Amino acid sequence: MSDNSPREITDAQIGLHKNLEKTVKKHLENPSKKPLSQHTQRAFDVIRRQVESHLDQNKPLIFDSCCGTAMSTQIIAGGNPDALVIGIDRSEVRLTKSTNAELPSNIVLVQAECSDFWALAKEAGWTLQKHFILYPNPYPKSKHLKRRWHGHPAFPVLLSLGGELEVRSNWDVYIDEFCSAANYMVDNSCKGAEIFQADPPLTLFEKKYQESGQELYRCKILLKI
């Protein structure tokens, strides 16, 4: 492995976190009352009419959450020409790398907090056909469970958006925990993690991980509304 190869996750929690079920059920029973960020509300308001016009025509809606530079958003949009694909990321710097290029007409990029954007989408009654979360920050230390999406207060909202949810990571524990957390809320919704080959890679991280020989893991969860 060259010096420029991506590092594998080390010094990490082993196995499922002992407080996973307790944390997930706490968030399910006690919805977050944290105020939504104003910039996310503004971003949502800007695109709401476009999205709802699309949904009114019974056309599919896809979220690419934490999309980074939106490489994945563009590949997903190319493979789903009838869908409106919304790439969401909190970083203006990362999104700007894509907005400098000509994007397909079925892509909308939004600078927003994903958890807040999901809450607004739920409130508006949007239903997804697909939802991608690709290589989120794994926060591999045991003390950081609540920073992982399945340990976050927004997890119940995430699942409520419906559709086929696909999560990918180069850390198997993340995917195993995500599946277990989903199954606490929706019985047998996730059949477990699988090792796969990305063809083509959807993100630069995925490309680097695969080229360096790391195993890639994913789960697909079919959520019904």
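Here the structure is shown first, and the text comes after it.
Rules behind the numbers
Residues numbered from 1 in each chain as written. Predicted model: local features only at pLDDT ≥ 70, side-chain atom pairs only at ≥ 80, totals over all residues. Heavy atoms only, no water. Axes fitted to C-alpha atoms, helices over the stretch in contact; angles between N-to-C directions. Helix = DSSP H or I, 4+ residues; strand = E, 2+ residues; numbered from the N terminus. Parallel < 35°, antiparallel > 145°, perpendicular 65-115°, else oblique. Left-handed = near helix turned anticlockwise from the far one by under 90°. Contact = heavy atoms within 4.5 Å. Nonpolar A, V, L, I, M, F, W, Y, C, P; charged D, E, K, R; others polar. Phe/Tyr/Trp six-rings, centres within 6.5 Å; stacked < 30°, edge-to-face > 60°. Buried < 20%, exposed > 50% of the residue type's maximum accessible area, 1.4 Å probe, protein only. Disulfide = S-S within 2.5 Å.

Observations regarding the packing of helix 1 (residues 20-29) against helix 7 (residues 172-185)
Working step 1: Two numbers describe how helix 1 lies on helix 7: the axes approach to 10 Å, and their chain directions differ by 45°. With respect to helix 7, the axis of helix 1 lies oblique. Along this stretch, helix 1 crosses helix 7, giving a crossing that reads as right-handed. On helix 7, the residues touching Leu20, Glu21, Val24 and Leu28 of helix 1 are Glu177, Ser180, Ala181, Tyr184 and Met185.
Working step 2: The residue makeup of the contact of helix 1 with helix 7, split by class, is six nonpolar, one polar and two charged.

Thoughts on the packing of aromatic side chains
Working step 1: Per the stated rule, a full pass over the model turns up nine aromatic pairs.
Working step 2: Relative to tryptophan 126, the ring of phenylalanine 117 lies with its centre 6.3 Å away and its plane at 65°, an arrangement referred to as edge-to-face. Like tryptophan 126, phenylalanine 117 is buried.
Working step 3: Clustering of aromatic rings is evident, with ring pairs tying together Phe44, Phe63, Phe117 and Trp126.

Comments concerning the state of the cysteines
Working step 1: Tallied over the entire structure, the rule returns one disulfide.
Working step 2: Between the sulfur atoms of cysteine 179 and its disulfide partner cysteine 190 the distance amounts to 2.2 Å. Placement of the pair is cysteine 179 in helix 7 and cysteine 190 in the loop between helix 7 and strand 6 (194-196), with a sequence separation of eleven residues.
Working step 3: Of all cysteine sulfurs in the structure, the one in cysteine 114 sits closest to cysteine 66, which takes part in no disulfide; the separation is 3.8 Å.
Working step 4: For cysteine 219, which is in no disulfide, the shortest distance to another cysteine sulfur is to cysteine 179 and amounts to 3.8 Å.

Quick look at the environment of valine 93
Working step 1: Secondary-structure assignment places valine 93 in helix 4 (residues 92-99).
Working step 2: Classification of valine 93 as exposed rests on a relative accessible area of 62%.
Working step 3: Placed 120 residues apart in sequence, valine 93 and glycine 213 show a C-alpha to C-alpha distance of 29 Å.

It is worth stressing that arrangement in space is one thing and function is another; only the former is reported here.
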